[in-house]
Amino acid sequence: MSTPVKIIIGVAVCILVFIIAFILGVTYRKKVAEREISSAEEEAKRIINDAIKTGENKKREALLEAKEEIHKARLENDREVKERRNELQKQERRLLQKEENLDKKTDALERKNEQFNKKLAELETQREEVAVLKRSQLEMLEKISGYSVEEAKSYLLTSIESEVTHEAAMKVKEIEAHYKEEADNKARELISLAIQRCAADHVAEATVSVVPLPNDEMKGRIIGREGRNIRSIENLTGVDLIIDDTPEAITISSFDPVRREIARLALEKLILDGRIHPARIEEMVEKARREVDATIKSEGERAVFETGVRGLHPELIKLIGRQKYRTSYGQNILNHSMEVAHVSGLLAAELGVDIPSAKRAGLLHDLGKAVDHEIEGSHVTIGVDLARKYKENENIIHAIEAHHGDVEPRTIIACIVQAADTISAARPGARRENIENYIKRLEKLEEVTNSFKGVDSSYAIQAGREIRIMVKPDVVSEDEMVLLAREIAKKIENELAYPGQIKVNLLRETKAVEYAK
């Protein structure tokens, strides 16, 4: 045999051997698997049997436990039912007791109602008896007294009113006397301390300025050809020049005191210079205006320095300086404002109040008078507007507004400024009053007092500081005089404006006349 054939036969033998081995292996594995499967089935059957036995045991145990729980729950429920039944029985017994008590109370209440009705009937009977008895007594009293019921009531009311009037008058008189004495003593002490520490000048300035002339020829030069010089002066300064027969003098008149001062200075400079013509007049008026502005500023600073008021707006200082040229009833307003500031500070010191605020309010209280000839309105309203414009404190503004009683003073500073202003204006020599205004004030005072019922006549005396009133004795009794005097004083306070105070003096005279025959 050739070699290839041998190789092929060898390969075939090998393949055949491999196939036989594979078949034998598969057969062996199949037998082993069958044995394992049979053993697994037997094990599964055994496990299932064990599980069935265990489940039956568990089931029996659970049934036993459930029966025990049901038994316990049944016992507990029986116990709770028994307790609730007992509680309900107790509540039923209590309700029965309350019902019995309510029945007893209802019976008692019915008995009381019966007794009450009996008493009401008895009271009604007694009331009728009392009414009859009252009517009989009233008839008897009317017969005895001679007065009817209405007349007796009127008589009693009149008697009571008279007694009450007397008691009220005596009480008012007693209270007024007590408080007036205390207030007078305290006010006298405070004012005397303030005034003795404040020295004030007794000066009254005129509302016109007089410029002296070296000779009467100067009048003609001031008038100028066809009056051109005097017209130039009047146009530039806004004043009126009065050139009359007064020897060596020219009078300057103007509503504006600053303009009047500028004209006075300009005239004095022109008279000294000797050259009087429109161009020179214009130059001198401008120079005088600058001098007056400088004086206004320096006077304002002097007033602020002397009164110790700090932190004022520069425009307010200028307005204070303008008061140097303003007068009221002949009293210089700048000096008056400084005096009010000093007196306010002293009163504040005595009362323990803020002294700088009192001085500040006193210095600014007449601020509106500096420009009241330029702005419409009262000097109080103008002063309030100016103070508010320059961011003054509301207490200071209120003091300015209240110093003449335009509004009711709400702060002690306002009351102090009001008092200091009255002291400065009312002191002797401070002011002079126009005779016509003085007479009108006295006539108004007498007119107010004569308007009251029972006043026979009245007379204003002591320059209007006292009103003496004669009352009708048959109309006004002694007790009513006290109340009448108080009413008259209140009406004077409300309707009249006056410095200081006015004494109301009532007089009553009773005469008895008889003839012997």
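It should be emphasised that the depicted structure is a prediction, and the values quoted were computed from it without experimental measurement. Sequence order as written defines residue numbering, which begins from 1 separately in each chain. With the structure being a predicted model, the display of local features is reserved for residues of pLDDT at least 70 and the display and counting of side-chain atom pairs for 80 or more, all residues being used for whole-chain, interface and lining totals. Side-chain figures throughout are based on the complete set of non-hydrogen atoms in the structure, without hydrogens or water.

Trainee: Honestly, the overall build of the protein chain in this entry has me stumped. Any pointers?
Mentor: The secondary structure content of the protein chain amounts to 14 helices and 8 strands. Contacts spanning at least 24 positions in sequence make up 62% of the contacts within the protein chain whose residues lie at least 6 apart. For the protein chain, the exposed area adds up to about 35500 Å²; of that, 54% sits on carbon and sulfur atoms. Helical segments are the DSSP runs of H or I of at least four residues, strand segments are the runs of E of at least two, and each set is numbered from the N terminus. Residue contacts are defined here by distance: any two heavy atoms, one from each residue, within 4.5 Å place the two residues in contact. Reported accessibility uses the Shrake-Rupley method at a 1.4 Å probe radius. Residues are deemed covered only where the shown protein chains occlude them.

Trainee: Teacher, can you tell me more about the confidence of the model for the protein chain here?
Mentor: Low pLDDT means the predicted atomic positions in that stretch should not be read closely. Here pLDDT means the predictor's own confidence in every residue, given as a number from 0 to 100. On average, residues of the protein chain score 80 in pLDDT, and 84% of them reach the 70 mark or higher. Counted against residues more than four places away or in other chains, residues 196-206, with its pLDDT under 50, gives 24 contacts.

Trainee: What exactly am I supposed to notice about the packing of helix α10 (residues 379-389) against helix α11 (residues 394-402) here?
Mentor: The packing of two helices is summarised by the inter-axis angle and the distance between the axes. In this analysis, axes come from line fits to C-alpha atoms, helices being fitted only over the stretch in contact, and the angle between any two N-to-C directions falls in the range 0 to 180 degrees. Between α10 and α11, whose axes approach to 9 Å, the crossing angle comes to 170°. Relative to α11, the element α10 lies roughly antiparallel. From α10, V380, G383, V384, A387 and R388 reach across to α11, where they touch E394, I397, I400 and E401. Polar here means any residue outside two lists: the nonpolar Ala, Val, Leu, Ile, Met, Phe, Trp, Tyr, Cys and Pro, and the charged Asp, Glu, Lys and Arg; Gly therefore counts as polar. A per-class count over the contact of α10 with α11 returns 5 nonpolar, 1 polar and 3 charged. Comment on the angle field: the value is read as roughly parallel under 35 degrees, roughly antiparallel over 145, roughly perpendicular from 65 to 115, and oblique elsewhere.

Trainee: Would you mind showing me how to read the packing of aromatic side chains here?
Mentor: Between two aromatic rings, the relevant description is the distance of the centres plus the angle of the planes. Here a pair means two rings of Phe, Tyr or Trp (six-membered ring of Trp) with centres within 6.5 Å. Their orientation is stacked below 30 degrees between planes, edge-to-face above 60, and tilted elsewhere. Across all of its chains, the model carries 0 aromatic pairs by this definition. Both a distance and an angle decide whether a charge sits over a ring: NZ of Lys or CZ of Arg must be within 6 Å of the ring centre and within 35 degrees of the ring normal. Lying across the ring of F452, K491 places its NZ or CZ 5.3 Å from the centre.

Trainee: In this structure, what is going on with the nonpolar core? I would like to understand it.
Mentor: A general feature of soluble globular proteins is that nonpolar side chains tend to end up buried together. With 39 residues, the main nonpolar core has L312, L319, I320 and L363 as its most contacted residues. Elements represented by at least two residues in this core include exactly α6 (278-307), α7 (314-322), α8 (333-351), α9 (355-364), α10, α11 and α12 (412-426). Ranked by residue count, the leading element in this core is α8, at 7 residues. Other than its neighbours up to four places away in sequence, I320 contacts G300, A303, L312, L334, L363, L364 and L367. Only buried residues count toward a nonpolar core. Its members are Ala, Val, Leu, Ile, Met, Phe, Trp, Tyr and Cys residues joined through side-chain atoms within 4.5 Å. The buried label applies to any residue whose accessible area, calculated with a 1.4 Å probe on protein chains only, is under 20% of its type's maximum; exposed applies above 50%, and partly exposed to all values in between.

Trainee: What should I look at first to understand the sheet that holds strand β3 (residues 249-253) in this one?
Mentor: Sheet strands pair via backbone hydrogen bonds, and the direction of the pair is either parallel or antiparallel. If DSSP finds at least two bridges between two strands, the strands pair. Strand order in the open sheet made by the 3 strands is β1-β3-β2, with antiparallel pairing throughout. Either end of the sheet is taken by a strand with one partner, and the two such strands are β1 (209-212) and β2 (240-242). Taking each pair of neighbouring strands and ignoring which way they run, the sheet shows an average axis angle of 30°. Two elements, β1 and β3, share 4 bridges in a ladder whose sense is antiparallel. Bridge pairing in β3 places P212 opposite A249.

Trainee: Got a minute to help me understand a negative patch on the surface in this structure?
Mentor: On the surface, a cluster of negative charge is contributed by E99, E100, D103, D107, E110 and E114. Taking the relative accessible area as the measure of exposure, D103 reaches 43% and is therefore partly exposed. Residues enter patches when their relative accessible area tops 30% and they take part in no salt bridge; the joining distance is 9 Å for like charges and 5 Å for the nonpolar side chains Val, Leu, Ile, Met, Phe, Trp and Tyr. Any carboxyl oxygen of Asp or Glu within 4 Å of a side-chain nitrogen of Lys or Arg constitutes a salt bridge here. Charge counting follows a simple rule: Lys and Arg are positive, Asp and Glu are negative, and His as well as the terminal groups are ignored. Working definition for charges: the position is that of NZ of Lys, CZ of Arg, CG of Asp or CD of Glu.

Trainee: Would you mind showing me how to read the sheet that holds strand β6 (residues 455-461) here?
Mentor: The mixed open sheet is built from 3 strands, whose spatial order is β6-β7-β8. What marks the edges here is a single partner per strand, and that holds for β6 and β8 (503-507). Ignoring which end each strand starts from, the neighbouring axes of this sheet average 20° apart. As paired elements, β6 and strand β7 (residues 466-471) share 6 bridges and run antiparallel to each other.

Trainee: What am I meant to see in a nonpolar patch on the surface here?
Mentor: Together, I7, V11, I15, F18, I19, F22, I23 and V26 line one region of the surface with nonpolar side chains, adding up to about 790 Å² of accessible area. Looking at where I7 falls in the secondary structure, it is placed in helix α1 (residues 3-145).

Trainee: Sorry if this is basic, but what is going on with the pattern of salt bridges here?
Mentor: Opposite charge on two side chains allows them to pair when their charged atoms are near. Considering all chains together, one arrives at 19 salt bridges under this definition. Put simply, E306 and R302 hold a salt bridge, and the shortest N to O gap is 3.1 Å. Of this pair, E306 and R302 both sit in helix α6, 4 residues apart, which is roughly one turn of that helix. A residue is classified by how much of its surface remains accessible, and R302, at 30% relative accessible area, is partly exposed. D366 is paired through a salt bridge with K369; the nearest N and O atoms lie 3.8 Å apart.

Trainee: Could you clarify how one ought to interpret unusual backbone geometry in this entry?
Mentor: Here the phi dihedral of E226 falls at roughly 55°; this positive angle occurs in a residue that is not glycine. In this structure, E226 sits in the loop between α3 (217-223) and α4 (228-237). Relative accessible area serves as the criterion here: at 73%, E226 is assigned to the exposed category. One non-glycine residue with positive phi stands out, namely K391, at about 65°. Locating K391 in the fold gives a position in the loop between α10 and α11.

Trainee: Sorry, what's going on with a positive patch on the surface here?
Mentor: Positive charge collects at one region of the surface, where K90, R93, R94 and K98 lie side by side. Note on placement: R94 falls in helix α1. For R94, a relative accessible area of 41% corresponds to the partly exposed category.

Trainee: What am I meant to see in the side chain of R322 here?
Mentor: Assignment of secondary structure puts R322 in helix α7. Residues within four places of R322 in sequence aside, it is in contact with D256, V258, I296, A370, V371, H373 and E374.

Trainee: I keep staring at α11 and nothing clicks. Help me out?
Mentor: Residues spaced three or four apart along an α-helix point in a common direction, a consequence of the helix completing one turn every 3.6 residues. Within the span of α11, buried status applies to I396, I397, H398, A399, I400 and A402. Where α11 begins, one side-chain oxygen reaches toward the backbone nitrogen of N395, 2.7 Å away; that side chain belongs to N393. For the purposes of these results, a polar contact is taken to be a pair of N or O atoms within 3.5 Å, where, inside protein, one atom must be able to donate a hydrogen and its partner to accept one; residues adjacent in sequence count only when each atom of the pair is a side-chain atom.

Trainee: I would appreciate a short explanation of the environment of I222 in the present structure.
Mentor: Within the element layout of this structure, I222 appears in helix α3. Given a relative accessible area of 1%, I222 falls into the buried group. Measuring from C-alpha to C-alpha, the distance between I222 and L241 comes to 9.9 Å, with 19 residues separating the pair along the chain. Look past the residues within four positions of I222 in its chain and what remains in contact with it is L213, N229, I230, I233, L241, I243, I250, L267, I271 and I276.

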